[in-house]
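Close look at the chain arrangement
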Amino acid sequence: MHEIDENSPIFMQLREVVRERITTGEYAPGVAIPSENALAQTYGINRLTVRSALDGLVKEGLLKRIQGKGVFVVGKRIERNLDYLTGFHKAIEGGMSNPYVKILEKERRRAGYLYAHELGISPDDDVFFIKRLCYADGKPISLESVYVPCELFPNLMDVDLEVFSLQDVYGFYGSSPDRAWQTLDIVSAEPKMARMLELGENRNVLLFTCYTYRADGRTIEYMQSYNRSDSCFFTVKVTNG
Amino acid sequence: MSSREKIAELIQSFIIENKLQPGDRLPSERELCEIWGVNRMTLRNAIKRLEDLGVLESKVGLGTFVAKPRIVRNLQDTLGFSDAVHAAGGELTREVVFCKLVEANKFAVKHLHVMLASPVLALTRVDSVNGEKAAIESVLVNARNCKGIEGHDYSKESLYGVLRDSYGIIADHGSEKIDVTSLSEDEADLLGYPVGTAAFFQEGLMLNQEGNPLEYFMNVILPKRIILGSEMRPFAGMGEFDNA
């Protein structure tokens, strides 16, 4: 391949500029890069030229174009084959189709004693708190609260979590989950939760709590997930090893 | 975050910050309302929430206490459940309510994959943790090569122990499904809990080392007494398991 220099076509030069910024982290994984219009304006070039510059990077898998949202930087992928993991697996009656996550709240806050305790950090450390509602086939399935230490994922606040999953983000920052401790409980949904999950008479929900650790033992995530008991169940493999 | 959630977090933080232990009493509702500047109603809602989550325990006339952690039944634990309860400082007792060698009916054919009328052990036990009824365990076991299997005392002996020691059969691996049920009249009767109480329904199939169905089980577990746990990790020796 030829070196890209000032004699190369403009779209190729822009492509290398964007690639360089992805490599250095100026454009962070999970975060949208400047819009095509903004890039066109900055460099005094045609929008179609910007588009062909980015198309190459989309094809290479470095960028991801989301209709109506923009162009996002994709970080390292982690392969996750659930068949190769033990533990509870959530299943949806009739199969999981058209999964969709709606982010209800996303904030950076002080951990406080409770979440410091759950995450093994200091109460004065900051955590990201994410509250999300997960849908399958247009119906709400679970309401989840997720707590993540800010220190491990400094850019999380800028990541569009309706585009990238937290698993994606963990992979981007080289903190792949290694193991998790999970419990299941049954609790009664309070009125507000019942409304969000569109529960009828039956207020019993399956509470799935999960602590996720990376290989060095640090807790990377604490999650509480309230699941509709009429549409979800959990499966687990057992061995008498 | 709702005010109820905020107060619930304050209460849990108070317990951790002040290193309160199970059985320790929380300050009175009036004191807590004063400390945090919240109304009584919101505080009570938060306490109720934490009781439901097994964090607190209210005793009429005595106050609100930090609850003893519930027993977690780790579904991947290689220890038997009895040993696991013991390790958690509790005691598991089992009462046999049904134990008979029966002929496989349509239900057994469907779930245990045996021939109609072949011998099947039907065993139902009620488990108690520290003397409080906690679960009903019902199993169907393929008893084709297990003469006399119904003669053991399953309040003392473990089923897997009997299969292994008396018949050389190993319950090796399997899979199970967990969802929510509400207690039927019979179940409510056995557990001494109201009809309709929410409980785990755990159902699954264990296979022997050759991969043939050995045991079909259906457990009804009270979440007030036992919660379920599982460790997620890359599966050791997964290749063999997946081909089984």
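Attention in this report is confined to the structure presented alongside it. Note that the coordinates shown come from a computational prediction; the quantities given were computed from them, not determined experimentally.

Conventions used here
- Every chain is numbered on its own, with residues counted from 1 as its sequence reads.
- Each chain takes a letter, starting from A, and each ligand takes a number, starting from 1, following the order in which they are written.
- Local features in a predicted model are, by the rule used here, given only for residues with pLDDT of at least 70; side-chain atom pairs are given and counted only at 80 or more, and totals for whole chains, interfaces and linings are based on all residues.
- Only runs of H or I of at least four residues qualify as helices and only runs of E of at least two qualify as strands under DSSP, and these elements are numbered from the N terminus.
- Residues are treated as contacting if the C-beta atoms built from their backbones sit within 7 Å of each other.
- Here, a strand pair is defined by DSSP locating no fewer than two bridges between the strands.
- Any nonpolar core is a set of buried residues, restricted to Ala, Val, Leu, Ile, Met, Phe, Trp, Tyr and Cys, that join up through C-beta atoms within 7 Å.
- Working definition of burial: number of other C-beta atoms within 10 Å of the residue's own, with buried at 20 or more, exposed at 12 or fewer, and partly exposed in between, all C-beta atoms being placed from the backbone.
- Axis lines are fitted through C-alpha atoms, for helices just across the contact stretch, and the angle between N-to-C directions can take any value from 0 to 180 degrees.

Glancing now at the environment of Leu53 of chain B. Relative to the assigned elements, Leu53 of chain B resides in the loop between α3 (40-52) and β1 (56-59). For the pair Leu53 of chain B and Glu91 of chain B, spaced 38 residues apart in the sequence, the C-alpha separation amounts to 22 Å.

Let us look at the interface of chain B and chain A. With 39 residues of chain B in contact, the opposing surface of chain A contributes 34 residues. Elements with a contribution of two residues or more to the side of chain B that touches chain A: α1 (3-17), α3, β7 (173-182), β8 (198-207), β10 (226-232) and α8 (238-243) of chain B. Sort the elements by how many residues they give to the side of chain B that touches chain A and β7 of chain B lands first, with eight residues. Direction of pairing for strand β7 (residues 177-188) of chain A relative to β10 of chain B: antiparallel, over a ladder of five bridges. Note that in β10 of chain B the partner of Gln182 of chain A across the bridge is Ser230 of chain B.

By size, the foremost hydrophobic cluster in this structure holds 45 residues, and its most contacted members are Leu184 and Leu206 of chain A together with Ile221 and Ile226 of chain B. Excluding its chain neighbours within four sequence positions, the residues that come into contact with Ile226 of chain B are Arg70, Ile71, Arg73, Val129, Ala134, Ala135 and Ile221 of chain B. Grouped together as the second largest cluster of nonpolar side chains are 23 residues, Val146, Tyr147, Phe164 and Leu166 of chain A included.

Within a beta sheet, neighbouring strands are joined by backbone hydrogen bonds and run either parallel or antiparallel to one another. The sheet built from eight strands is open, its strands ordered β4(A)-β5(A)-β6(A)-β9(A)-β8(A)-β7(A)-β10(B)-β3(B) with mixed pairing. The open sheet has two free edges, formed respectively by β4 (100-110) of chain A together with β3 (71-74) of chain B, since each of these has just one partner strand. Each strand of the sheet is rotated relative to its neighbour by a mean of 20°, with strand direction disregarded. As judged from the 11 bridges shared by β7 of chain A and strand β8 (residues 204-214) of chain A, these two strands associate in the antiparallel manner. For Leu184 of chain A, the partnering residue across the bridge sits in β8 of chain A and is Phe208 of chain A.

As far as function goes, none of this settles anything; it's purely spatial.
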